[in-house]
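Examining the three-dimensional arrangement
If you want the building blocks of each chain, they are given just below.
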Amino acid sequence: MRHILTAIMLFCTVISLGQNKEKLSFSVQLQPELTYHKNNYAYRWKDTYTKSTFNIGIEATIQYYLTKQLFAETGLGYISRNLNTTVFLNQNVLPPPRQSWTQELVNTKSVSFRTLQLPVNFGYNVISKQKMNLFLNAGLTGNFLLNTFYGLGSFKQYEASYKKNYWQGYTVNLGLGTDYKISKKIKATSRISYAIVNTTRDDEYLFSQDEYVIPLPHKFLRLSVGLRMAL
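Let me sum up the structure you'll find in this document.

What counts as what
Counting from 1, residues in each chain are numbered in the order their sequence is written. In keeping with the predicted nature of the model, local features appear solely for residues at pLDDT of at least 70, side-chain atom pairs appear and are counted solely at 80 or more, and the whole-chain, interface and lining totals rest on all residues. Each side-chain value is derived from all of the structure's non-hydrogen atoms; neither hydrogens nor water enter the calculation. In this description a helix means any DSSP run of H or I spanning at least four residues, a strand means any run of E spanning at least two, and both kinds are numbered starting from the N terminus. Throughout, a residue-residue contact means that at least one pair of heavy atoms, one from each residue, lies within 4.5 Å. The aromatic pairing rule takes the rings of Phe, Tyr and Trp, using the six-membered ring of Trp, and pairs them if the centres are within 6.5 Å, calling planes under 30 degrees apart stacked, those over 60 edge-to-face and the rest tilted. Using a 1.4 Å probe on the protein chains alone, a residue whose accessible area is under 20% of its type maximum counts as buried, one over 50% counts as exposed, and one in between counts as partly exposed. Note on pairing: two strands pair once DSSP finds at least 2 bridges between them. In this analysis, the protein atoms alone were mapped onto a 1 Å grid. Cavities are point sets where a 1.4 Å probe fits without being able to get out; pockets are open sets with protein on both sides within 12 Å along at least five of seven lines; lining residues have an atom within 4 Å of a point. Grid points are joined across faces, edges and corners, and a volume is the space filled by probe spheres set on the points. Think of it as three bins: nonpolar holds Ala, Val, Leu, Ile, Met, Phe, Trp, Tyr, Cys and Pro, charged holds Asp, Glu, Lys and Arg, and polar takes everything else, Gly as well.

**Thoughts on the side chain of Asn92**
- With respect to the helices, strands and loops of the structure, Asn92 is situated in the loop between β4 (88–89) and β5 (106–128).
- For Asn92, the residues in contact, after removing those within four places along its chain, are Gln99, Ser100, Trp101, Thr102 and Gln103.

**Remarks on the packing of aromatic side chains**
- In the structure shown here, the tally under the stated rule is nine aromatic pairs.
- Residues Phe144 and Trp167 carry aromatic rings whose centres are separated by 5.1 Å and whose planes lie at 80 degrees to one another, so their mutual orientation is edge-to-face. Pair noted here: Phe144 is in strand β6 (residues 132–152) and Trp167 is in strand β7 (residues 160–181), with a separation of 23 residues, a long-range link.
- Residue Trp167 is classed as partly exposed on the basis of its relative accessible area of 38%.
- Aromatic side chains Tyr150 and Tyr162 sit 5.7 Å apart centroid to centroid with 50 degrees between the ring planes, which places their arrangement in the tilted category.

**Some remarks on the pairing of strand β10 (residues 219–230)**
- In terms of strand pairing, strand β1 (residues 24–38) meets β10 through 10 bridges, oriented antiparallel. Considered in β10, the bridge of Gln29 is made with Gly226.

**Section: empty space enclosed by the protein**
- All chains considered together, the criterion is met by four cavities of 30 Å³ or more.
- Here the largest cavity defines a volume of roughly 130 Å³.
- What lines the largest cavity is a set of 14 residues, and nearest its centre among them are Gln31, Glu59, Asn121, Arg191 and Arg222.
- If you list the elements that add at least two residues to the lining of the largest cavity, you get β1, β2 (50–65), β5, β6, β8 (186–198) and β10.
- Classifying every residue of the lining of the largest cavity gives one nonpolar, nine polar and four charged.
- Size it by volume and the second largest cavity reaches roughly 70 Å³.
- Lining the second largest cavity, in full, are Arg81, Phe113, Thr115, Asn143, Gln168, Thr171, Asn198, Thr199, Thr200 and His218.
- The set of elements that each furnish at least two residues to the lining of the second largest cavity consists of β5 and β7.
- The class makeup of the residues in the lining of the second largest cavity is one nonpolar, eight polar and one charged.

**Re the environment of Phe207**
- Mapped onto the elements, Phe207 comes out in strand β9 (residues 206–207).
- For the pair Phe207 and Leu116, spaced 91 residues apart in the sequence, the C-alpha separation amounts to 25 Å.
- Setting aside chain neighbours within four positions, we find Phe207 in contact with Val87, Phe88, Leu89, Asn90, Leu105, Tyr212, Val213 and Ile214.

Below is the structure:
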């Protein structure tokens, strides 16, 4: 929680520094995405393939133009990223009161990561017009996992959200976007990006036939749509 409060304070500080009205802007964006993951992380003998799950998050960012064409941005986002997948849940290591020393094999139907996202992005305008600009962007996002919900088909006594409060990993994104001027201070903004790298920490509650503790690797294709306001 200390990391979260620090990030929020830094974010608010950046907002308060909005002195240069030509260079600084604030945006809020909805972020629907297709999350790509495996259908099965548990069984070695079952067919395994990549599938997608639809998720949606939200993000607020501050953007600052370093030059006429180059900008940097940072902010704070949140997403509950659901993976509809099968993996074994180890009820022996769950915290009380749901911990159990019984030996039944518990399969998940889904796993949901509730995550705070701390992005740092850079963009470059390849086309700049009076009403519209087209840009390329790349960025690095730190992912802070608040809690994880394990959805179960049976053994519902173990189904719950479990606190995590640790750094899940980081994401490297590449994308393409556009800003369209609506009024003197307001722009419609959108971008599409893909997570070319997305690291995930081992989850001590999950295991497979081959490993006692495993992560759930995944990537995503994201569309960000929102409004940008000059400060």
